[in-house]
Amino acid sequence: MRAVHFGAGNIGRGFVGLLLHEGGYELTFSDVSSTLVDAINGVKQYTVHEVGDGGTDTVVTGFRAINSAEHPDQVIEAVAGAHVVTTAVGPTILKFVAPLIVSGLALRDPSSPPLQIMACENAINATDLLREDMKTVAGNTWDALEGRAVFANAAVDRIVPAQPEGAGVDVTVEPFFEWAIERPPFGDVPPNIPGAHFVDDLAPYIERKLFTVNTGHATTAYFGAQAGVEKISDALADPAIAAKVDAVLEETSALLVDKHGLDPQTQAEYRATILRRFRNAALPDTVWRVGRQPLRKLSRHERFVGPAAEAADRGLGVDALLGAMGAALVFDDAEDPQAVELQRRIREEDAADFTGSVTGLDPAHPLFARVQDIVEARQAELA
Ligand SMILES: NC(=O)c1ccc[n+]([C@@H]2O[C@H](COP(=O)([O-])OP(=O)(O)OC[C@H]3O[C@@H](n4cnc5c(N)ncnc54)[C@H](O)[C@@H]3O)[C@@H](O)[C@H]2O)c1
Ligand SMILES: O=P(O)(O)OC[C@@H](O)[C@@H](O)[C@H](O)[C@H](O)CO
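Per chain, residues are indexed from 1 in the order of the written sequence. For naming, the first written chain is A and the first written ligand is 1, with later ones following in the order written. Given that the model is predicted, a residue must reach a pLDDT of at least 70 before its local features are reported, and side-chain atom pairs must reach 80 or more before they are shown or counted; all residues, however, enter totals for whole chains, interfaces and linings. As a convention, hydrogens and water are excluded, and side-chain values are obtained from all of the structure's heavy atoms.

Asker: Mind showing me how you'd approach the layout of surface pockets here?
Answerer: One water molecule sets the probe size; rolling that probe over the atoms shows where empty space is left. With a 1 Å grid laid over protein atoms only, a set of points is called a cavity when a 1.4 Å probe fits there but cannot get out and a pocket when it is open yet has protein on both sides within 12 Å along at least five of seven lines; lining residues have an atom within 4 Å of a point. Grid points are joined across faces, edges and corners, and a volume is the space filled by probe spheres set on the points. There is about 250 Å³ of room inside the second largest pocket. Lining of the second largest pocket is provided by P91, T92, L94, A123, I124, L129, D133, L210, R296, S299, H301 and E302. Residues belonging to the lining of the second largest pocket are distributed by class as follows: 6 nonpolar, 3 polar and 3 charged. By convention here, the domain bounds are inherited from an automatic or database domain assignment. Counting only domains with at least three residues in the lining of the second largest pocket, you end up with domain 1 (2-201) and domain 2 (204-382). Ten residue types, Ala, Val, Leu, Ile, Met, Phe, Trp, Tyr, Cys and Pro, are classed as nonpolar, four, Asp, Glu, Lys and Arg, as charged, and the remainder, Gly among them, as polar.

Written as structure tokens, this is what we have:
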């Protein structure tokens, strides 16, 4: 069994690649970083180090890497002969990997079992986004190619921090992991991924993950950065920040309970587990990684505006979420192009234009005016 995984970065090596290896797949990583590709091809094995309570080391073998910028034909050939394709490149990069997968499908033997495709990104229905990108690329060949693949959305959860200089191909991760995958697209033959959880309806899982883990994480990062703290675990050690994160998670939990009928006690336990994970001091995770790409994080279906808009529609509280969005507006990292753009735009744009284009909210939506107030408050501080 063969798998091609796009994006050999933190989660690619520290989680998706690891589980595919454990499922018996021979693994081809595809990445655009020549340093990373050379490093992967320079070793026969790498170690995934779990740090924190109960952490163990696992050795991954049976992989190679291809630089898709230099050797797209090799990637296309690997896709054509693969059983599984996964991605962990970031939601904004899916459109760049789509052409390679489409070309791989075109080369694929039509009598082969359908290629099983899963985008493992922090986004609602990321695989559907990839499929749409592929459809656009394929144009009028899509009808012929579509049947050569099946597409399943997925929710992946494991904190994998940026790796320290000199770590090589090894990856430091937290012990916890969860991978929920839509089952129906696979019919009777789901991929063999030990530890993955196949579900009939992914919506409650991906929303619970994105609006609890990622909303809480980003809130910790933005308030932490504002307080001048570097590490996520240190940010949560500040009682004032911890209280703000708790308040945000109370709001998203109320929405999730209301919308998906989750058991409030189970959701409270899920929250507590997540906060314990964030507090893992052995994990060298920073506010800069977790806060990265603030414009993406402030967009319409993401971890702040997504739950806040739905909570406002249902008459539920959103004050804490608005407070966290206010902290996101302050996030400034010279090495993060989106943070730089955010800081430029909030200084230059009219508050209503900024609110509309960053959040994607309709001006008639009840949340719009409240976000605009926060934008105006930040602009007043900057004036
Ligand atoms: N790190 C985590 O804790 C974590 C957990 C769950 C989900 N995720 C999600 O996984 C995705 C990747 O996150 P990450 O933390 O591993 O980031 P990362 O930056 O460590 O890895 C991304 C990799 O993608 C590569 N890449 C960029 N453009 C590419 C292209 N066109 N083709 C192939 N590879 C390309 C980069 O070179 C990099 O190696 C994101 O969507 C993220 O939200 C991350
Ligand atoms: O990857 P992002 O930028 O969407 O979000 C940053 C972190 O919150 C995220 O990577 C978490 O570590 C991960 O989602 C945990 O499963």
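Asker: What is the right way to read the site of ligand 2 from this model?
Answerer: Distances are taken per atom, and a residue is near a molecule or strand as soon as one of its heavy atoms is within 4 Å of it. Among the 14 residues in the neighbourhood of ligand 2, the closest are listed as D157, K209, R289, R296 and K297. K209 has a polar side-chain atom sitting 2.6 Å from an oxygen atom of ligand 2. In protein, a polar contact requires one atom able to donate a hydrogen and another able to accept it; more generally it is a pair of N or O atoms within 3.5 Å, and residues adjacent in sequence count only if both atoms are side-chain atoms. A distance of 2.7 Å separates an oxygen atom of ligand 2 from a polar side-chain atom of R296. Accessible surface is estimated by sampling points in the Shrake-Rupley manner with a 1.4 Å probe; for residues, cover comes only from the protein chains shown. Contact with the protein chains removes 94% of the 400 Å² of surface that ligand 2 exposes when unbound. Considering every element that reaches the shell around ligand 2, the biggest residue donor is helix 7 (residues 203-226), with 3 residues. Here the residues of the shell around ligand 2 are counted per class, giving 3 nonpolar, 3 polar and 8 charged. Two domains each donate at least three residues to the shell around ligand 2, and these are domain 1 (2-201) and domain 2 (204-382). Under the DSSP-based scheme used, a helix requires at least four consecutive residues in state H or I and a strand at least two consecutive residues in state E, with every element numbered from the N terminus.

Asker: Please clarify how the nonpolar core should be interpreted in this entry.
Answerer: Most often, soluble globular proteins keep nonpolar side chains buried together rather than apart. Ranked by internal contacts, the top residues of the largest apolar core, which has 53 residues, are F278, F304, M325, L329 and L367. Broken down by element, the residue count for this core peaks at 7 residues, all from helix 14 (residues 319-328). Note on definitions: a residue-residue contact is assigned when non-hydrogen atoms from the two residues lie within 4.5 Å. If sequence neighbours within four positions are ignored, M325 has contacts with L298, F304, V305, A308 and V371. By nonpolar core we mean a set of buried residues, namely Ala, Val, Leu, Ile, Met, Phe, Trp, Tyr and Cys, connected to one another through side-chain atoms within 4.5 Å. Burial classes: relative accessible area under 20% of the type maximum marks a residue as buried, over 50% as exposed, and values in between as partly exposed (1.4 Å probe, protein chains only). Ranked by size, the runner-up nonpolar core spans 37 residues in total, among them A8, A65, C120 and A154.

Asker: What is the right way to read a negative patch on the surface from this model?
Answerer: A patch consists of residues exposed above 30% relative accessible area that lack any salt bridge, with like charges linked at up to 9 Å and nonpolar side chains (Val, Leu, Ile, Met, Phe, Trp, Tyr) linked at up to 5 Å. Salt bridges, as used here, are contacts in which a Lys or Arg side-chain nitrogen is within 4 Å of a carboxyl oxygen on Asp or Glu. Neither His nor the chain ends contribute to the count of charged residues, in which Lys and Arg are positive and Asp and Glu negative. By convention, charge coordinates are those of NZ in Lys, CZ in Arg, CG in Asp, or CD in Glu. On the surface, D350, D353, D373 and E376 cluster together into a patch of negative charge. One can find D353 in helix 16 (residues 351-359).

Asker: Help me out: how do you make sense of the UniProt feature "domain: Mannitol dehydrogenase N-terminal" (unreviewed entry) in the chain in this one?
Answerer: Listed under "domain: Mannitol dehydrogenase N-terminal" (unreviewed entry) in the UniProt record, and renumbered for this structure, are residues 1-193. Helix makes up 32% of residues 1-193 and strand 26%. Its end C-alpha atoms lie 12 Å apart. UniProt positions are given in the numbering used here, feature names are shortened, and annotations may be inferred rather than shown by experiment.

Asker: Please explain the domain arrangement of the chain as it appears in this structure.
Answerer: It is common to give the size of an interface as the accessible area lost on bringing the parts into contact. Under the domain assignment used here, the chain contains domain 1 (2-201) and domain 2 (204-382). Using only C-alpha atoms to locate each centre, domain 1 and domain 2 end up separated by 28 Å. Taken together, the contact between domain 1 and domain 2 spans 26 residues of the former and 26 residues of the latter. The term buried area means the drop in 1.4 Å probe accessible area that two parts suffer when joined, counted for both and summed. Summed over both sides, the interface of domain 1 with domain 2 buries roughly 2,000 Å², with 64% coming from carbon and sulfur.

Asker: Explain the UniProt feature "domain: Mannitol dehydrogenase C-terminal" (unreviewed entry) in the chain to me, please; I cannot follow it from the model alone.
Answerer: UniProt's entry tags residues 201-343 with the feature "domain: Mannitol dehydrogenase C-terminal" (unreviewed entry), counted in the numbering of this structure. Here residues 201-343 is 71% helix and 0% strand, with 39 Å between the C-alpha atoms at its ends.

Asker: Explain the pattern of salt bridges here, please?
Answerer: It is possible for side chains bearing opposite charge to pair when their charged atoms get close. Scanning the model with the defined rule gives 18 salt bridges in all. Notably, a salt bridge pairs E174 with R277, separated by 2.6 Å at the nearest N-O pair. With E174 in the loop between strand 10 (171-173) and strand 11 (178-182) and R277 in helix 10 (residues 264-278), this residue pair connects regions lying 103 residues apart in the sequence. When its relative accessible area of 2% is taken as the criterion, E174 is described as buried.

Asker: So what exactly am I meant to see when it comes to the packing of aromatic side chains here?
Answerer: The description of an aromatic ring pair uses the distance of the two centres, along with the angle that the planes make with each other. Two aromatic rings, drawn from Phe, Tyr or Trp (for Trp, its six-membered ring), form a pair once their centres lie within 6.5 Å of each other, and the interplanar angle then sorts them: stacked below 30 degrees, edge-to-face above 60, tilted otherwise. Evaluated as defined, the whole model comprises 9 aromatic pairs. Aromatic side chains F15 and W179 sit 5.6 Å apart centroid to centroid with 55° between the ring planes, which places their arrangement in the tilted category. Here F15, found in helix 1 (residues 10-22), pairs with W179, found in strand 11; they are 164 residues apart in sequence, far enough to count as distant. Geometrically, the ring pair formed by W288 and F331 is tilted, given 5.5 Å between the ring centres and 35° between the ring planes. Of this pair, W288 sits in helix 11 (residues 287-290) while F331 sits in the loop between helix 14 and helix 15 (337-348), placing them 43 residues apart in sequence. Members of the aromatic cluster, joined through ring pairs, are Y222, W288, F304 and F331. Only Lys NZ and Arg CZ are tested; either one counts as a charge over a ring when it is within 6 Å of the ring centre and within 35 degrees of the ring normal. Positioned above the aromatic ring of F151 is the side chain of R131, whose terminal nitrogen or guanidinium carbon lies 5.5 Å from the ring centre. One cation-aromatic arrangement involves R208 over Y270; the distance from NZ or CZ to the ring centre is 3.9 Å.

Asker: Can you help me understand the packing of helix 9 (residues 239-260) against helix 14 in this one?
Answerer: In a pair of packed helices, the angle between the axes and the distance between the axes together describe the arrangement. Packing of helix 9 against helix 14 leaves a shortest axis separation of 8 Å and a crossing angle of 125°. Of the possible angle classes, the one that applies to helix 9 and helix 14 is oblique. Seen along the crossing, helix 9 lies across helix 14 with a hand that is left-handed. Residues A247, V248, E251 and T252 of helix 9 form the contact with helix 14, whose own contacting residues are D319, A320, L321 and A324. Each axis is a line fitted through C-alpha atoms, taken for helices only over the stretch in contact, and angles between the N-to-C directions span 0 to 180 degrees. Roughly parallel means an angle under 35 degrees; roughly antiparallel means over 145; roughly perpendicular covers 65 to 115; every other angle is labelled oblique. In this scheme the crossing of two helices becomes right-handed for a clockwise turn of the near helix relative to the far one and left-handed for an anticlockwise turn of less than a right angle.

Asker: Even after reading the chapter, I still don't get the pairing of strand 6 (residues 84-87), so can you show me in this structure?
Answerer: When a strand is regular, its side chains alternate between the sheet's two faces. The alternating pattern of strand 6 places V84 and T86 on one face and V85 and T87 on the opposite face, and all of these are buried. One bridge is not enough; two strands pair if DSSP finds at least two bridges between them. Where strand 1 (residues 2-6) and strand 6 come together, 4 bridges link them in parallel fashion. From the neighbouring strand, F6 faces strand 6, where its bridge partner is T87. The handedness of the strand 6 to strand 7 (residues 115-119) crossover, carried by helix 4 (residues 94-107), is right-handed. Viewed with both strands pointing away, a crossover whose connecting path from the first strand over the helix to the second turns clockwise is right-handed.

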